[in-house]
Amino acid sequence: MDQLIQQAARLLRAAQQIVVMTGAGVSAESGVPTFREAQTGLWAQYDPQDLATPAAFTRNPRLVWEWYASRREIIGQSEPNAGHFALAQLEAQHGHVTVVTQNVDNLHERAGSQDVIHLHGNIMRTKCFYDCQGNPTLVDLSDPAINTDALPPLCPHCGRWLRPDVVWFGEILPARALERAMTLSEGCDVQLVVGTSGLVEPAAGLPRITKQHGGKVIVVNPDHTMHTRIADVSLRGASGEVLPQVLQAMASLA
Ligand code: OAD
């Protein structure tokens, strides 16, 4: 493992532009459940068709709202972990680092990462289900004009349902976020892929884009994933343990 860490540190050190692609695993050590792990993963306990599609929301808006409200509470109470902090430190030291996350939490920002692209939205934000004022119509839930007794609360502009600003199954990703993630994946020297199963497109395709354009891929994950076979370096371990070691190895190369 030591040699692999050194190898990853050298690649990152030599890179001019780094993309860090993260998934639920990077927040696991903060107590935020992942999606696909047996037993503990959210999709092992709940059916996404009941909770994470526009049709599910139309069928039972209160159930969906309350499920996201409970996740928002868990996320609000959790703290960034050593993996988030190591990635923020990488950006502070290196400069040209963009985090492209599939996570809807805000733990990267809370750890200090400045350049973060949210491919699947942000659970801390709320928008009009109908995007009544254009796309997306974000609202501040603490606005006293919002009737929060209603569940879901109602849009202050059009009086219809509000929803979390997350991407549901069957919906398209925010166009500008995806475009920027793809352009950066084409141009970067290294894509560091942390804590994702690599099963959800188009996010899962970003490391392949980097490979196709001659860049290197480093994977940090305790398990074998869809990205392991294209990885130049595969670091099998928890991100909260592995990433600080990589940062330390980079510092000792100085
Ligand atoms: P998954 O639940 O599919 O995968 C989580 C990954 O994290 C697995 O590969 C685990 O092995 C790994 N993991 C667990 N603990 C870890 C740790 N401490 N350090 C590093 N890795 C760890 O989650 P995602 O790949 O993020 O979509 O799922 C992708 C998308 O599917 C999510 O964004 C969500 C979901 O449906 C939307 O909400 C649109």
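Anything mentioned here points back to the structure above.
Reference entry: report on the structure contained in this document.

Cut-offs used in this document
Residues numbered from 1 in each chain as written. Predicted model: local features only at pLDDT ≥ 70, side-chain atom pairs only at ≥ 80, totals over all residues. Heavy atoms only, no water. Helix = DSSP H or I, 4+ residues; strand = E, 2+ residues; numbered from the N terminus. Buried < 20%, exposed > 50% of the residue type's maximum accessible area, 1.4 Å probe, protein only. Contact = heavy atoms within 4.5 Å. Axes fitted to C-alpha atoms, helices over the stretch in contact; angles between N-to-C directions. Parallel < 35°, antiparallel > 145°, perpendicular 65-115°, else oblique. Left-handed = near helix turned anticlockwise from the far one by under 90°. Nonpolar A, V, L, I, M, F, W, Y, C, P; charged D, E, K, R; others polar. Near = heavy atom within 4 Å. Polar contact = N/O pair within 3.5 Å; in protein donor to acceptor, adjacent residues only side chain to side chain. Areas by Shrake-Rupley, 256 points an atom, 1.4 Å probe, with all protein chains shown as cover.

1. Details of the environment of Leu-173
In this structure, Leu-173 sits in the loop between β6 (162-166) and α9 (175-187). Judged by its relative accessible area of 13%, Leu-173 is buried. Between the alpha carbons of Leu-173 and Ser-30 there is a distance of 25 Å; along the sequence they are 143 residues apart. Those residues in contact with Leu-173 that lie beyond four places of it in its chain are Leu-119, His-120, Val-167, Leu-178 and Pro-202.

2. Quick word on the packing of helix α7 (residues 82-94) against helix α11 (residues 239-253)
At a closest axis distance of 7 Å, the pairing of α7 and α11 adopts a crossing angle of 30 degrees. One finds that α7 runs roughly parallel with respect to α11. Relative to α11, α7 is oriented so that their crossing is left-handed. For the pair α7 and α11, the contacting residues are Ala-82, Gly-83, Ala-86, Leu-87, Gln-89, Leu-90 and Gln-93 in the first and Ser-239, Gly-240, Leu-243, Pro-244, Leu-247 and Met-250 in the second. Of the residues assigned to the contact of α7 with α11, the class counts are eight nonpolar, five polar and no charged.

3. What about the packing of helix α1 (residues 2-14) against α11?
In helix packing, the relevant descriptors are the interaxial angle and the interaxial distance, both defined with respect to the helix axes. Interhelical geometry of α1 versus α11 gives an angle of 65 degrees and a closest axis separation of 8 Å. Taken as a pair, α1 and α11 cross one another with a handedness that is right-handed. Listed contacts from α11 to Ile-5, Gln-6, Ala-9, Arg-10, Leu-12 and Arg-13 of α1 are Val-242, Gln-245, Val-246, Ala-249, Met-250 and Leu-253.

4. Considering the site of the ligand
Taken together, the neighbourhood of the ligand is formed by 24 residues, with Phe-35, Arg-36, Thr-196, Ser-197 and Asn-221 sitting nearest. A distance of 2.8 Å is found between an oxygen atom of the ligand and a backbone nitrogen or oxygen belonging to Ala-24. Here an oxygen atom of the ligand and a backbone polar atom of Arg-36 are 2.8 Å apart. Calculation on the ligand without its partners gives an accessible area of 800 Å², and the protein chains cover 92% of this total. Split by residue class, the shell around the ligand holds nine nonpolar, eleven polar and four charged.

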